[in-house]
Amino acid sequence: MIESACPTVDTTTDVRAAHAVARGIARLFARNDIWCLTEMPLKGGRRADLMGIDARGQVIIVEIKVSRADLLGDAKWPDYLDHCDRFFWGLAAHLDRAVMETDAFRPDQCGVIVADGYDAEILRPAPLLPLAAARRKVEVERLARAALRRQVVASDPACAPRGEV
């Protein structure tokens with residue numbers, strides 16, 4: 001029998017862990033008057049794990065990581081910076097966070113939140129890197145429409161566009 005050079009990944013466990021981290025961050029954000037959606041599609045085919053708006057109308061994106069392999073293998077995350085005023089890494093509590101201080105993870109542009117299914121803590125605040133007003137308007141409107149669509153479809157699945165539920 002030949003063993004694979006790649007370790008097996010328990011995606012079910014990773015998905016559950018990511019949901020738990022998202023829940024903890026959503027609770028932290030709600031206490032701070034930041035309201036967010038999960039799995040928010042962005043222009044260019046990307047999808048933010050969490051995207052929200054704070055009380056000042058600033059757009060926040062959180063990229064959630066629950067495994068070291070996913071964290072180190074993610075090359076697409078800088079694309080998210082074009083869609084938000086603040087960007088955070090949302091990490092599972094068990095992850096080694098030392099890599100967050102390296103230049104590759106742009107500590108001068110990214111905050112760090114550690115979370116579990118019950119709560120979260122901001123370890124490094126995300127700096128404000130303001131979007132252009134026109135860009136912020138587009139992002140806020142897209143987020144609002146997605147939230148409204150999700151609310152309507154949740155109350156009446158017959159309103160879902162074809163192929164969605």
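Up top you'll find the structure we're talking about.
A quick note: this is a predicted structure, and the numbers were derived from the prediction, not measured.

### Re the packing of aromatic side chains
Inference 1: Counted by the stated rule, this structure contains 7 aromatic pairs.
Inference 2: Measuring from centroid to centroid gives 5.0 Å for Trp77 and Trp89, while their planes differ by 65°, and the two rings are edge-to-face. One end of the pair, Trp77, is in the loop between helix 2 (68-73) and strand 4 (86-92); the other, Trp89, is in strand 4, and 12 residues separate them in sequence.
Inference 3: Their ring planes at 0° and their centres at 6.5 Å tell us that Trp77 and Phe105 sit as a pair that is stacked. Of this pair, Trp77 sits in the loop between helix 2 and strand 4 while Phe105 is found in the loop between strand 4 and strand 5 (110-115), placing the two residues 28 residues apart along the sequence. Across the pair, exposure class does not vary: Trp77 and Phe105 are buried alike.

### Observations regarding the sheet that holds strand 5
Inference 1: With mixed pairing, the 6 strands of this open sheet are ordered in space as 1-2-3-4-5-6. Whereas interior strands pair on both sides, the edge strands pair on one side only; in this sheet they are strand 1 (35-41) and strand 6 (120-124). Here the strands of the sheet are splayed against their neighbours by 30° on average, with no regard to which way each runs.
Inference 2: With 4 bridges joining them, strand 2 (residues 47-53) and strand 3 (residues 59-65) adopt antiparallel strand pairing. Among the inter-strand pairings, Ile53 is bridged to a residue of strand 3, identified as Val59.
Inference 3: Its contacts with the sheet place helix 3 (residues 133-155) against strand 1, strand 2 and strand 3, and it is angled at close to 90° to strand 1.

Conventions we followed
- Residues numbered from 1 in each chain as written.
- Predicted model: local features only at pLDDT ≥ 70, side-chain atom pairs only at ≥ 80, totals over all residues.
- Heavy atoms only, no water.
- Phe/Tyr/Trp six-rings, centres within 6.5 Å; stacked < 30°, edge-to-face > 60°.
- Helix = DSSP H or I, 4+ residues; strand = E, 2+ residues; numbered from the N terminus.
- Buried < 20%, exposed > 50% of the residue type's maximum accessible area, 1.4 Å probe, protein only.
- Pairing = 2+ DSSP bridges.
- Axes fitted to C-alpha atoms, helices over the stretch in contact; angles between N-to-C directions.
- Contact = heavy atoms within 4.5 Å.

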